[in-house]
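Topology and contacts: notes
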Amino acid sequence: MEPGNATSISEFLLLGFSQDSEHQTMLFGLFLSMFVVTVLGNLLIILAVSSDSHLHTPMYFFLSNLSFTDICFTSTTIPKMLVNIQTQSKTITYAGCIAQMYFFIVFGVMDTFLITMMAYDRFVAICHPLHYLVIMNPRLCSLLVLVSWFLSLSHALIHSLLVLQLSFCSNWGIEHFYCELAQVLTLACSDTLINHILLYMVMGLLGFVPFSGIIFSYSRIVSSILRIPSTNGKYRAFSTCGSHLSVVLLYYGTGLGVYLSSDASSSSWKGMVASMMYAVVTPMLNPFIYSLRNSDIKRALQRLIGRKLYVH
């Protein structure tokens, strides 16, 4: 069997971090703490929304889905990286690499759709408040989430199937801490033109179309808020979307960094830093942004924690 054939690959090497044992220990502690905070923070958001009937609204339905997606998103990369650091190994099996790449794409795309849906929800709530419950009915919200899952799963499946058709050279070292699609494509010996066309076309669409929807929603929101006569009324209206706007800026800011650094000619270190911000830091900060800036979430969390303490 030829060494460059994809079927002969047993594993890839993840060359993302230093071999120094002192740095490895520091990285293990850092990423373990970030992973625990991310999982617990997003899990608390899900529990708070599900346990409080006042939060059974479209906005918090999307937020709980975002928290679930963020837990899954972080879980595709960090646990494997922690195992590799602990065992002083940098390997990942070929099947494991494809699976990691698939789920990373699924949850990354799903995040994009959910953030866009939340912007649309805020647009309807502020610009069409009298028709909010009619427009944002449970059936529509569920349908939006189901369609988003279908598109995310299909998009990731297409990329994964195309990668499975590639042959790889003898150099199987990935200059990253996880199996990132653009990095995997640089190792292929066979023609990757179709893969790259699809990669940048879909990344462009998933960046431009949802972001355009968010910009449109917020332009209408700002226009409606400016027509409110009282300053207090303007503040209350804007405060309902302040948390979401913070998440949008954080998500698209880090996502743009990943997009710009995904080219093979870019610095691998810059690409890893951008990816860490996008895949680790952003999911960790989302619960803090919503809990610190949202009085409804804070009250729900206080009731949830108080109930647990009372039970114990």
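Residues numbered from 1 in each chain as written. Predicted model: local features only at pLDDT ≥ 70, side-chain atom pairs only at ≥ 80, totals over all residues. Heavy atoms only, no water.

Moving on: the sheet that holds strand S2 (residues 91-93). Ordered in space as S2-S1-S3, the three strands form an open sheet in which the pairing is mixed. Either end of the sheet is taken by a strand with one partner, and the two such strands are S2 and strand S3 (173-174). Bridging between strand S1 (residues 11-14) and S3 involves two bridges; their strand directions are parallel. Bridging across to S3, Leu14 finds its partner in Ile174. In the packing of helix H4 (residues 94-127) onto the sheet, contacts are made with S1, S2 and S3, and the angle to S2 comes to roughly 85°. (Pairing = 2+ DSSP bridges. Helix = DSSP H or I, 4+ residues; strand = E, 2+ residues; numbered from the N terminus. Contact = heavy atoms within 4.5 Å. Axes fitted to C-alpha atoms, helices over the stretch in contact; angles between N-to-C directions.)

Time to look at the UniProt feature "transmembrane region" (unreviewed entry) in the protein. According to UniProt, the "transmembrane region" (unreviewed entry) feature falls on residues 26-47, 59-78, 98-120, 140-158, 197-216, 237-260 and 272-292. Secondary structure within residues 26-47 divides into 100% helix and 0% strand; the distance between the first and last C-alpha atoms comes to 32 Å. Between the C-alpha atoms that bound residues 272-292 the distance is 29 Å, and the span itself is 100% helix and 0% strand. (UniProt positions renumbered as here; feature names shortened; annotations may be inferred.)

Right, let's get into the pattern of salt bridges. Going through the model one piece at a time under the given rule, you end up with one salt bridge. Note that Asp121 and Arg122 form a salt bridge whose closest N and O atoms lie 2.7 Å from each other. Pair check on accessibility: Asp121 and Arg122 agree, each one buried. (Salt bridge = Lys/Arg side-chain N within 4 Å of Asp/Glu carboxyl O. Buried < 20%, exposed > 50% of the residue type's maximum accessible area, 1.4 Å probe, protein only.)

The subject of this paragraph is the side chain of Asp121. With respect to the helices and strands, Asp121 occurs in helix H4. Its relative accessible area of 0% is what places Asp121 among the buried residues.

Attention now moves to helix H3 (residues 78-86). For H3, the full list of buried residues reads Ile78, Met81, Leu82, Asn84 and Ile85. Relative to the axis of H3, the buried residues are bounded by an arc of 160° and lie together on one face. (Arc of directions from axis to C-beta.)

With their axes 10 Å apart at the nearest point, helix H2 (residues 58-75) and helix H6 (residues 138-164) run at an angle of 25° to one another. With respect to their mutual orientation, H2 and H6 come out roughly parallel. For the element pair H2 and H6, the recorded crossing hand is right-handed. Residues Pro58, Phe61, Phe62, Asn65, Phe68 and Thr69 of H2 pack against Cys141, Ser142, Leu144, Val145 and Trp149 of H6. Tallied by class, the residues present in the contact of H2 with H6 amount to eight nonpolar, three polar and no charged. (Parallel < 35°, antiparallel > 145°, perpendicular 65-115°, else oblique. Left-handed = near helix turned anticlockwise from the far one by under 90°. Nonpolar A, V, L, I, M, F, W, Y, C, P; charged D, E, K, R; others polar.)

Attention now goes to the layout of surface pockets. The calculated volume of the second largest pocket comes to roughly 240 Å³. Lining the second largest pocket are 14 residues, and of these Met59, Tyr60, Thr240, Asn294 and Asp296 sit closest to its centre. Those elements that place two or more of their residues in the lining of the second largest pocket are H2, H4, helix H9 (231-261) and helix H11 (295-311). Classifying every residue of the lining of the second largest pocket gives four nonpolar, seven polar and three charged. (1 Å grid on protein atoms, 1.4 Å probe; cavity = no way out; pocket = protein on both sides within 12 Å on 5 of 7 lines; lining within 4 Å. Points joined across faces, edges and corners; volume = space filled by probe spheres on them.)

Once that is clear, we can look at the state of the cysteines. Under the counting rule described, the total for this entry stands at one disulfide. Here Cys97 pairs with Cys179 through a disulfide, and the sulfurs are 2.0 Å apart. Here Cys97 and Cys179 share a disulfide; its torsion about the S-S bond, -125°, makes the bridge left-handed. Here Cys179 lies in the loop between S3 and helix H7 (181-186) and Cys97 lies in helix H4, a separation of 82 residues in the sequence. Sulfur of Cys241: no disulfide; nearest cysteine sulfur belongs to Cys127 and is 9.5 Å away. What makes Cys241 buried here is its relative accessible area of 0%. (Disulfide = S-S within 2.5 Å.)

Take the pairing of S1 next. Across the two faces of S1 the burial differs, with Phe12 and Leu14 buried and Glu11 and Leu13 not buried at all. Across three bridges, S1 lies against S2 in antiparallel orientation. By the bridge assignment, Glu11 is partnered in S2 with Thr93.

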